[in-house]
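Inside the fold
The chain contents come next:
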Amino acid sequence: FFQAEDGIRDSSVTGVQTCALPISTAIDAEKTQETAENLANRLPDPVGYKMLVIKPEIDEKSEGGIVYADATRKKEEQGAVVGLVLKQGSLCYKDEAKFPDGAWCKEGDFVLLRAYSGSRFSVDGKEFIIVNDDQIEGTVQDPRGINRAY
């Protein structure tokens, strides 16, 4: 393979070109909420200052109509920086010294998180994470189009 300065790898033997540049995927907010509702009775209740967050569903196609491979969608889901807060422990945001302005988010909010943060687990192949209340980086009104930067 030949790696050009622009990041495109070219195999002159097969004539196939692949690009190592990241793709832009979109979050399917409605499908994420639907999945959470369907699994709600099987999910753990977070304790203390912990929160249960569902990783987003990734659209199957790009805006241009390119169908993403399952492996690509799974990788983007795992490293996603946006999640939907499903449940909060009883001590979330109760520390007035730490949170003088009150809670940073509530159940039902889409939030910005660090990629790969928290305790990750899956239920029926769907990924969830449990994070501390102070690991929330921000709230997001519309999570579509928000991707982690590479």
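Look a little higher up for the structure.
Anyway, here's the lowdown on the structure attached to this text. (Residues numbered from 1 in each chain as written. Predicted model: local features only at pLDDT ≥ 70, side-chain atom pairs only at ≥ 80, totals over all residues. Heavy atoms only, no water.)

1. Some points on the overall build of the protein chain
Going by this rule: The helix and strand labels rest on DSSP assignments: H or I over at least four residues marks a helix, E over at least two residues marks a strand, and numbering proceeds from the N terminus. In this description, contact between two residues means that some pair of their heavy atoms is separated by no more than 4.5 Å. Each accessible area is a Shrake-Rupley estimate made with a 1.4 Å probe; only the visible protein chains count as cover when residues are assessed.
Within the protein chain, the regular secondary structure consists of two helices and eleven strands. Its helices and strands taken in sequence order, the protein chain reads β-β-β-β-α-β-β-α-β-β-β-β-β from the N to the C terminus. Restricting the contact set of the protein chain to residue pairs at least 6 apart, pairs at least 24 apart contribute 71%. Of the roughly 9,100 Å² of accessible surface on the protein chain, a fraction of 49% belongs to carbon and sulfur atoms.

2. Concerning the packing of aromatic side chains
To keep it simple, the criterion reads: Only the six-membered ring of Trp is used, alongside the rings of Phe and Tyr, when aromatic pairs are assigned; centres must lie within 6.5 Å, and planes under 30 degrees apart are stacked while those over 60 apart are edge-to-face, with the rest tilted. Residue exposure (1.4 Å probe, protein chains only): buried if accessible area is under 20% of the type maximum, exposed if over 50%, otherwise partly exposed.
Evaluation of the coordinates by the stated rule reveals four aromatic pairs. Between Tyr93 and Phe99, the aromatic rings sit 4.8 Å apart at their centres with planes inclined by 80°, giving edge-to-face as the arrangement. Each member of the pair, Tyr93 as well as Phe99, carries the same accessibility label: buried. Their ring planes at 20° and their centres at 5.7 Å tell us that Phe121 and Phe128 sit as a pair that is stacked. What links up through ring pairs into an aromatic cluster is the set Tyr93, Phe99 and Trp104.

3. A short note on the sheet that holds strand E7 (residues 82-88)
Stated formally: Any two strands are treated as partners once DSSP identifies two or more bridges connecting them. Axes here refer to lines fitted to C-alpha atoms; in helices the fit is confined to the stretch in contact. Angles between the N-to-C directions go from 0 to 180 degrees.
A sheet is described by the order of its strands in space; here six strands give the open sequence E9-E10-E5-E7-E8-E11, paired in antiparallel fashion. For this open sheet the edge positions go to strand E9 (119-123) and strand E11 (138-140), each flanked by a neighbour on one side alone. Pairs of neighbouring strands in the sheet enclose a mean axial angle of 40°, with direction left out of account. In this sheet, strand E10 (residues 126-132) lies alongside strand E5 (residues 50-54) in antiparallel orientation, the contact comprising five bridges. Across the sheet, residue Met51 finds its bridge partner in E10, namely Val131.

4. What to know about unusual backbone geometry
Even without a glycine there, the phi angle at Tyr116 is positive, about 65°. Positionally, Tyr116 belongs in the loop between strand E8 (110-112) and E9. According to the relative accessible area criterion, Tyr116 is partly exposed, its value standing at 43%. A positive phi angle, close to 50°, is found at Asp124, a residue other than glycine. Here Asp124 lies in the loop between E9 and E10.

5. Thoughts on the pattern of salt bridges
For side chains of opposite charge, pairing can occur when their charged atoms come near one another. Operational definition: Should a side-chain nitrogen of Lys or Arg be within 4 Å of a carboxyl oxygen of Asp or Glu, the pair is scored as a salt bridge.
Throughout the structure, instances matching the rule amount to seven salt bridges. Put simply, Asp124 and Arg42 hold a salt bridge, and the shortest N to O gap is 2.4 Å. Taken together, the residues Asp124 in the loop between E9 and E10 and Arg42 in the loop between helix H1 (29-39) and E5 connect sequence positions 82 residues apart. Residue classification places Arg42 among the partly exposed residues on the basis of a relative accessible area of 46%. Between Lys106 and Asp109 there is a salt bridge, with the nearest N and O atoms lying 3.0 Å from each other.

6. Description of the pairing of E9
Two elements, E9 and E10, share five bridges in a ladder whose sense is antiparallel. Of the residues in E10, the one forming a bridge with Val123 is Lys126. The antiparallel hairpin formed by E9 and E10 contains two residues in its connecting segment, where Asp124 sits at a positive phi of about 50°.

7. Digging into the side chain of Asp109
Cut-off, in case you're wondering: Residues adjacent in sequence count toward polar contacts only when both atoms are side-chain atoms; beyond that, a polar contact is any pair of N or O atoms within 3.5 Å, and within protein one must be able to donate a hydrogen and the other to accept it.
Note that Asp109 resides in the loop between E7 and E8. Judged by relative accessible area, Asp109 falls into the buried class, the value being 17%. At 3.0 Å, the side chain of Asp109 and the backbone nitrogen of Lys106 are in polar contact. Contacts of Asp109, omitting those with residues within four sequence positions, involve Gly83, Leu84, Val85 and Thr139.

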